[in-house]
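Remarks on the overall topology
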Amino acid sequence: GLFAAVAEAACVDGVAALPPVRRAMWHHASLFPALEAPGVEMPSCLAGAADELRAAFVADAPSPSRAQRDVSAVLASIGFEHDFEHVTAEGLSLDMAQPATRRAVEFDGPTHYVRGLDGKGPRLNGKSLYKRRLLAKMSWDVLYVPYFEWAKHETDDARRRYLQDGIATLM
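Below, the structure is looked at part by part.

Structurally, arginine 54 is set in helix α4 (residues 50-58). Separated by 31 residues in the primary sequence, arginine 54 and arginine 23 have C-alpha atoms spaced 8.0 Å apart.

Encoded structure:
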């Protein structure tokens, strides 16, 4: 199929010849057959380099925003103990996670959104939509906190209530 043809083209000079950003992209793409299309096989050149692709994917150190740190602090204050910047076995980063219960909170800042040609928005970008789909396939229960919703809650009490209400919706 098309996926295999594109993947094979990436292997012409070998995975080691790919720049790190491309290796990271191929790791992300490799999650597609693993989680969403089990009948689709990764070309052997990519499948054999799974560890190298994952390493490139997780190599970028996260740069949490002040707002993300604020969300984490409020979560801790309401008793939602969590790992900050947790990386799943598949290499996906979760802003605040409870790995044992597979519950997480993701703060979606402005870079997670785009505006439509009609000027309406914000709308989630493709990368964020894909990550949400993958996390659902991986059985993570995630509360997404959009930056524009968080900004509406200006006091500590309002932010605590907002997150408590959201956490209550998680299984």
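Within the structure shown, the criterion is met by six salt bridges. Between aspartate 108 and arginine 132 there is a salt bridge; the shortest N-O distance is 2.7 Å. Placement of the pair is aspartate 108 in strand β3 (residues 103-108) and arginine 132 in helix α6 (residues 126-137), with a sequence separation of 24 residues. One salt bridge in this structure joins aspartate 157 and arginine 160, with 2.4 Å as the shortest N-O distance. Here aspartate 157 pairs with arginine 160, and both are found in helix α8 (residues 156-168), just three residues apart, close to one helical turn. Judged by its relative accessible area of 29%, arginine 160 is partly exposed.

Now for the nonpolar core. Grouped together as the largest cluster of nonpolar side chains are 13 residues, with contacts concentrated most on Val71, Leu75, Val105 and Leu163. At the level of elements, α5 (66-77), β3, β6 (141-146) and α8 are the ones that each hand at least two residues to this core. Other than its neighbours up to four places away in sequence, valine 71 contacts Met96, Val105, Phe107, Trp150 and Leu163. Among the nonpolar cores identified, the runner-up in size contains 11 residues, and Leu31, Leu92, Leu94 and Val142 belong to it.

Burial analysis of β3 places six of its six residues in the buried class, which makes it a mostly covered element. Neither face of β3 is left uncovered, since the one carrying Arg103, Val105 and Phe107 and the one carrying Ala104, Glu106 and Asp108 both have all their residues buried. Once strand β2 (residues 93-98) ends, the chain turns through four residues before running back antiparallel as β3, passing arginine 102 with a positive phi of about 55°. Alignment of β3 against β6, held across six bridges, turns out to be parallel.

The subject of this paragraph is the packing of aromatic side chains. With the rule as written, the count across this model stands at four aromatic pairs. Judged by centre distance (5.3 Å) and plane angle (70°), the ring pair of tyrosine 113 and phenylalanine 148 falls under edge-to-face. Of this pair, tyrosine 113 sits in strand β4 (residues 113-114) while phenylalanine 148 is found in helix α7 (residues 147-150), placing the two residues 35 residues apart along the sequence. On the accessibility criterion, tyrosine 113 (12% relative accessible area) is buried.

Scoring rules and cut-offs
- Per chain, residue numbering runs from 1 following the sequence as it is written.
- Predicted model: local features are reported for residues with pLDDT of at least 70 only, side-chain atom pairs are reported and counted for 80 or more only, and whole-chain, interface and lining totals are derived from all residues.
- Each side-chain value is worked out from all heavy atoms of the structure, with water and hydrogens disregarded.
- Secondary structure elements are defined from DSSP: runs of H or I of at least 4 residues count as helices, runs of E of at least 2 residues count as strands, and each element is numbered from the N terminus.
- Note on definitions: salt bridges are taken to be side-chain nitrogens of Lys or Arg within 4 Å of carboxyl oxygens of Asp or Glu.
- Partly exposed describes any residue whose relative accessible area lies between the buried limit of under 20% and the exposed limit of over 50%, with all areas from a 1.4 Å probe on protein chains only and scaled to the type maximum.
- Definition of nonpolar core: a set of buried residues of the types Ala, Val, Leu, Ile, Met, Phe, Trp, Tyr and Cys, connected through side-chain atoms within 4.5 Å.
- Whether two residues touch is decided by their heavy atoms; if any such pair falls within 4.5 Å, the residues are in contact.
- A pair of strands counts as paired when DSSP detects no fewer than two bridges linking them.
- Two rings belonging to Phe, Tyr or Trp (six-membered ring only in the last case) form a pair when the distance between their centres is within 6.5 Å. Interplanar angles under 30 degrees mark stacking, angles over 60 mark edge-to-face geometry, and anything in between is tilted.

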